[in-house]
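# Chain and residue survey
These are the residues of each chain, in order.
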Amino acid sequence: MTTPSTGNGVEEIKPNPGSGVIVDQPDNTEYEQSLQIVLRTVCGVVGLLGLIIVISLLYKLYKRRNLRHHRAPDHPEEELSSSISIDLDQKQIPTILLLYAFDCPAHEKVVSALAGFLIDTCNCNVHLDIFEDQIIHERGLDDWLIDRLQEADFIIVLCSVGARLRCTKKRVRFKSDPYRTVPDYFAVAVDYVAEKMRVERLKGLPMSRFIVAYMDYSYSSDIPHQIEMGTKFHLMKDITKLFCHVHGINSSDSSVKFGNLPPSAIDQYYENSENGLELQVAIESAKEFFKCNPNWVEDSMEALPPPCSKSKSRPSRKRSLEPLLGESPCDPRMVEAKVEVHQQNISPKPSEQNQRLSPQKS
């Protein structure tokens, strides 16, 4: 092994291929530590920005409420900023059934704030399970859901990641929240809505009463395939379109007035009204939750127990509309097996019949 000098007095050791000298490989520990520091810094900056946005919205909401208490009574036009008044003699208030999947408490707050915005600002009558939990416990969930589906002028299904997974994943389910008094019925409700859509489409009726919507933190791909034929809205981007849709008006028609303002002013109410600010705070809080908890889906789901081992008992149906296997067998081999068993019970085999007819030998 040679050790040539470098000129600075420091000798550089260059191992020969057969010298047996072990060269240390660079350690990746420093790289991993640097990467973790960068990731933590990015997450901290994102979380700080989200917190600043939420605080600013809360401050605007607080300031808005103070102005409301100190507002002079001689300015009636300022009262229009709280809600839109509709002439009930000329326009009937639409009834909306709002269905959603419980992804997390932050998402449920968005749903509750959206329902309040539709009630107070958009002048709609909204049925929501968390608003009618007492009625659900008295009448039962099935009766409540069927009655509301029949009564509603419009059915809005608010789609999200949890909504899509509940309708597509068969071997997993979401963990139940101990603080919720209403069980998870979203997948059943979607099946009801899909069946109503199928029946009304066969009758030639329009699909306008079936609405599928998704918030800013969700995507159109989160819409369950069973209800893809519904009218789609991206909230809160399409809140004016949704308002005009449920009231049956044209947003470009300047002759239509709600209060003293055109329907296009709904966006202004969302930005400045008290209900709009509450909804903005809820949406930003939900965004912050999903950013800070990227694994919330895995933490919220649990695997179903494995199916029972095969036995002679009659298998259960996968869907309520699917006939029982014993009633309508779809496998030809099952049909042949039943026929063979039936024939064996009716007539004996030829060998057995001959034995019965022949006399016994002494």
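For the structure given in this document, a descriptive report is provided here.

### Looking at the pattern of salt bridges
- What the rule picks out here adds up to twelve salt bridges.
- The residue Arg-166 makes a salt bridge to Asp-103 at a minimum N-O spacing of 3.5 Å. Linking Arg-166 in helix 5 (residues 161–168) with Asp-103 in the loop between strand 1 (95–100) and helix 2 (105–120), this pair joins segments that are 63 residues apart in sequence.
- Accessibility expressed as a relative area gives 13% for Arg-166, which makes it buried.
- On the basis of relative accessibility, which here comes to 5%, the residue Asp-103 falls in the buried class.
- In this structure, Asp-147 and Arg-139 form a salt bridge, with 2.0 Å as the shortest nitrogen-oxygen distance.
- Overall, Asp-147 belongs to the partly exposed group, its relative accessible area being 26%.
- Note on Arg-139: relative accessible area 35%, which makes it partly exposed.

### Quick word on the pairing of strand 5 (residues 210–214)
- Of all five residues making up strand 5, five are buried, and the element is well covered by its neighbours.
- Taking every second residue as pointing to the same face, both faces of strand 5 are buried, with Phe-210, Val-212 and Tyr-214 on one and Ile-211 and Ala-213 on the other.
- As defined by bridge partners, strand 3 (residues 154–159) adjoins strand 5 across five bridges and the pair is classed as parallel. Bridge pairing in strand 5 links Cys-159 to Tyr-214.
- Where strand 5 and strand 6 (residues 231–234) come together, four bridges link them in parallel fashion. Paired with Tyr-214 across the strands is His-234, a residue of strand 6.

About the criteria used
Residues numbered from 1 in each chain as written. Predicted model: local features only at pLDDT ≥ 70, side-chain atom pairs only at ≥ 80, totals over all residues. Heavy atoms only, no water. Salt bridge = Lys/Arg side-chain N within 4 Å of Asp/Glu carboxyl O. Helix = DSSP H or I, 4+ residues; strand = E, 2+ residues; numbered from the N terminus. Buried < 20%, exposed > 50% of the residue type's maximum accessible area, 1.4 Å probe, protein only. Pairing = 2+ DSSP bridges.

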